[in-house]
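Each chain, written out:
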Amino acid sequence: MRGSKTTATDPVKKMVKILKKQGITNISYGIIISIKGRRDHRATIKHNSESGAHLLTITGKRYKQEFRIYDDVSREVILNILKDKLGEAFRILD
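These notes cover the structure that comes with them. Just so it is clear, the structure is predicted and the values come from calculations on it, not from any experiment. (Residues numbered from 1 in each chain as written. Predicted model: local features only at pLDDT ≥ 70, side-chain atom pairs only at ≥ 80, totals over all residues. Heavy atoms only, no water.)

### Focus: the pairing of strand 3 (residues 53-59)
At step 1: Taking burial as the measure, the seven residues of strand 3 include seven buried ones, the bulk of the element.
At step 2: With burial as the criterion, each face of strand 3 is covered, one bearing A53, L55, T57 and T59 and the other bearing H54, L56 and I58.
At step 3: Here strand 2 (residues 43-50) hands over to strand 3 after two residues, with G52 in that stretch at a positive phi of 85 degrees.
At step 4: Examined bridge by bridge, strand 3 and strand 4 (residues 63-69) share six bridges and lie antiparallel to one another. For T57, the partnering residue across the bridge sits in strand 4 and is E66.
At step 5: In sequence, strand 3 turns back onto strand 4 through a hairpin of three residues. (Buried < 20%, exposed > 50% of the residue type's maximum accessible area, 1.4 Å probe, protein only. Helix = DSSP H or I, 4+ residues; strand = E, 2+ residues; numbered from the N terminus. Pairing = 2+ DSSP bridges.)

As structure tokens, then:
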């Protein structure tokens, strides 16, 4: 885990716990951005590739937060782990 100054939202905490069990530990998360007027109760996960990292944007009911994975893991492996372990409370966009 890189840095410890930023707190994590609840959906991000669940993802960190799942990824640590799978051996993916070189991660960090960014600032929390407030969202107004969103009615969907399911957290949405969107994947982007950034230079040297996988960038996941997690949007909950009230907050949005970016989450980076620096381990050398493919995109398909990360998305398959999250799809299998998270359940229906999360929506994963490709």
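Picking up after the structure, the text goes on.
### A word on the packing of helix 1 (residues 10-21) against helix 2 (residues 75-86)
At step 1: Following both chains from N to C, one finds helix 1 and helix 2 inclined at 115 degrees, their axes separated by 11 Å at the closest point. Of the possible angle classes, the one that applies to helix 1 and helix 2 is roughly perpendicular. Considering how the two elements wind past one another, helix 1 and helix 2 form a crossing that is right-handed. Between helix 1 and helix 2, the residues in contact are M15, I18 and L19 and I81, L82, K85 and L86, respectively. (Axes fitted to C-alpha atoms, helices over the stretch in contact; angles between N-to-C directions. Parallel < 35°, antiparallel > 145°, perpendicular 65-115°, else oblique. Left-handed = near helix turned anticlockwise from the far one by under 90°. Contact = heavy atoms within 4.5 Å.)

### Focus: the sheet that holds strand 5 (residues 90-93)
At step 1: With mixed pairing, the five strands of this open sheet are ordered in space as 1-4-3-2-5. Only two strands of the sheet have a single neighbouring strand rather than two, namely strand 1 (27-34) and strand 5. Strand-to-strand twist across the sheet, computed as the mean angle between neighbouring axes with direction ignored, equals 20 degrees.
At step 2: Sheet topology note: the strand 1/strand 4 ladder contains six bridges and is antiparallel. If you follow I27 over to strand 4, its bridge partner there is I69.
At step 3: Along the sheet face, helix 1 touches strand 1, strand 2, strand 3, strand 4 and strand 5 and points at about 20 degrees away from the line of strand 4.

### Observations concerning helix 2
Three- or four-residue spacings in an α-helix give side chains the same orientation, since the helix completes a turn every 3.6 residues.
At step 1: Compared with the 16 Å implied by 1.5 Å per residue over 12 residues, the 16 Å span of helix 2 between its first and last C-alpha is a close match.
At step 2: When we look at burial in helix 2, the residues that qualify are I78, L79, I81, L82 and L86. The buried residues of helix 2 occupy one face: seen down the axis, they fall within an arc of 160 degrees.
At step 3: Contacts made by the buried residues of helix 2 are with helix 1, strand 2, strand 3, strand 4 and strand 5.
At step 4: Remark: G87 follows helix 2 within two positions and exhibits a positive phi of approximately 95 degrees. (Expected span 1.5 Å × (residues − 1). Arc of directions from axis to C-beta.)

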